[in-house]
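Fold and contact review
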Amino acid sequence: MKSKTSCFNKTIFKKNMTHFWPLWALYSCYLIVSLPVGLWFNMRYYLQDDSYSQLQRQVYAISGAMRAAMNPVITFAFAAVMIMAVFSYLYSAKSANMMHALPVNRLELYVTNYLSGLIFLIVPEIITFFITVLVCLANQFTCIQYLFAALLAQAGVTFFAYSLAVFVAMFTGQAFAMPCYYV
């Protein structure tokens, strides 16, 4: 007989999706405006400049766009905001008691909230990567391996920032103390 023990709750995940989609949309808009749109404008600028070779123009265009998009301060800020939203039930004794009285064990609640917040941060980065690849292909940009390396680096920074924010949120349990300790 198969065990029905799970550490993920679809209902809580759907609740997080419906309640906190504006944060996901805001982070997605920031990433799309900063990387693909920034890269498009950088390529338009460098394609007009004939003092560099084709490869140098491409590398300068992509490095300028990545420098703007891969700002770790923004990633850390969105991670803190996401944690404060997803684990917001911990900041009030009444809502914490209510959530822990539900027929969901605390491990399942923690894992679901952790994964939903992490998905809210990683999925926009993956979508932005694919949009940026399309922008590069439209401009005959051939060195796409830099984009993949940037995606891996950004995902690593996001994972670290998010995990640190989860640790601080679980450690403090206070809405006003979490950002202070996180910084």
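So, here's what we can say about the structure. Computed from a prediction, not measured in an experiment: that's the story for all the values here. (Residues numbered from 1 in each chain as written. Predicted model: local features only at pLDDT ≥ 70, side-chain atom pairs only at ≥ 80, totals over all residues. Heavy atoms only, no water.)

The subject of this paragraph is the packing of aromatic side chains. According to the stated counting rule, one finds 13 aromatic pairs in the structure shown. Judged by centre distance (6.0 Å) and plane angle (35°), the rings of Phe87 and Tyr110 are tilted. Here the residue Phe87 occupies a position in the loop between helix H4 (72-86) and helix H5 (93-101), and Tyr110 occupies one in helix H6 (residues 106-138), the gap between them amounting to 23 residues. Classification of Phe87 as buried rests on a relative accessible area of 0%. Overall, the relative accessible area of 32% leaves Tyr110 in the partly exposed class. Of the aromatic side chains, those joined through ring pairs into one cluster are Phe87, Tyr89, Tyr110, Tyr114 and Tyr162. (Phe/Tyr/Trp six-rings, centres within 6.5 Å; stacked < 30°, edge-to-face > 60°. Helix = DSSP H or I, 4+ residues; strand = E, 2+ residues; numbered from the N terminus. Buried < 20%, exposed > 50% of the residue type's maximum accessible area, 1.4 Å probe, protein only.)

What follows covers a nonpolar patch on the surface. Residues Phe8, Leu115 and Ile119 make up a contiguous nonpolar surface patch of roughly 200 Å² in combined accessible area. Summarising the element assignment, Leu115 is placed in helix H6. (Patch = residues over 30% accessible without salt bridge, like charges linked within 9 Å, V, L, I, M, F, W, Y side chains within 5 Å. Areas by Shrake-Rupley, 256 points an atom, 1.4 Å probe, with all protein chains shown as cover. Salt bridge = Lys/Arg side-chain N within 4 Å of Asp/Glu carboxyl O.)

Here we come to H4. Between its terminal C-alpha atoms H4 stretches 21 Å, which fits the 21 Å expected from 15 residues at 1.5 Å a residue. Buried within H4 we find Thr75, Phe78, Ala79, Ala80, Met82, Ile83, Ala85 and Val86. Looking at the buried positions of H4, the neighbouring elements they touch are helix H1 (10-19), helix H2 (21-48), H6, helix H7 (145-172) and helix H8 (177-182). (Expected span 1.5 Å × (residues − 1). Contact = heavy atoms within 4.5 Å.)

Let us now look at the nonpolar core. Across soluble globular proteins, nonpolar side chains have a tendency to be buried as a group. Formed by 30 residues in total, the largest nonpolar core has its most connected members in Ile83, Tyr162, Met178 and Tyr182. Mapped by element, the contributors of at least two residues to this core are H2, H4, H6, H7 and H8. Here this core takes seven residues from H4, the largest share from any one element. In this structure Met178 touches Ala80, Ile83, Met84, Tyr91, Ala165, Val168, Ala169 and Thr172, once residues within four positions along its chain are discounted. (Core = buried A, V, L, I, M, F, W, Y, C linked by side-chain atoms within 4.5 Å.)

So, about the packing of H2 against H4. Between H2 and H4, the shortest axis-to-axis distance is 11 Å and the interhelical angle comes to 170°. Viewed along their axes, H2 and H4 adopt a mutual orientation that is roughly antiparallel. Contact residues: H2 offers Leu23, Trp24, Leu26, Tyr27 and Tyr30, while H4 offers Ile74, Thr75, Phe78, Val81, Met82 and Ala85. (Axes fitted to C-alpha atoms, helices over the stretch in contact; angles between N-to-C directions. Parallel < 35°, antiparallel > 145°, perpendicular 65-115°, else oblique.)

Another point: unusual backbone geometry. Among all residues save glycine, negative phi is the norm, and among peptide bonds the norm is trans. Phi at Gln140 is positive, roughly 55°, even though this residue is not glycine. As for its position among the elements, Gln140 is in the loop between H6 and H7. By relative accessible area, Gln140 is classed as exposed at 59%.

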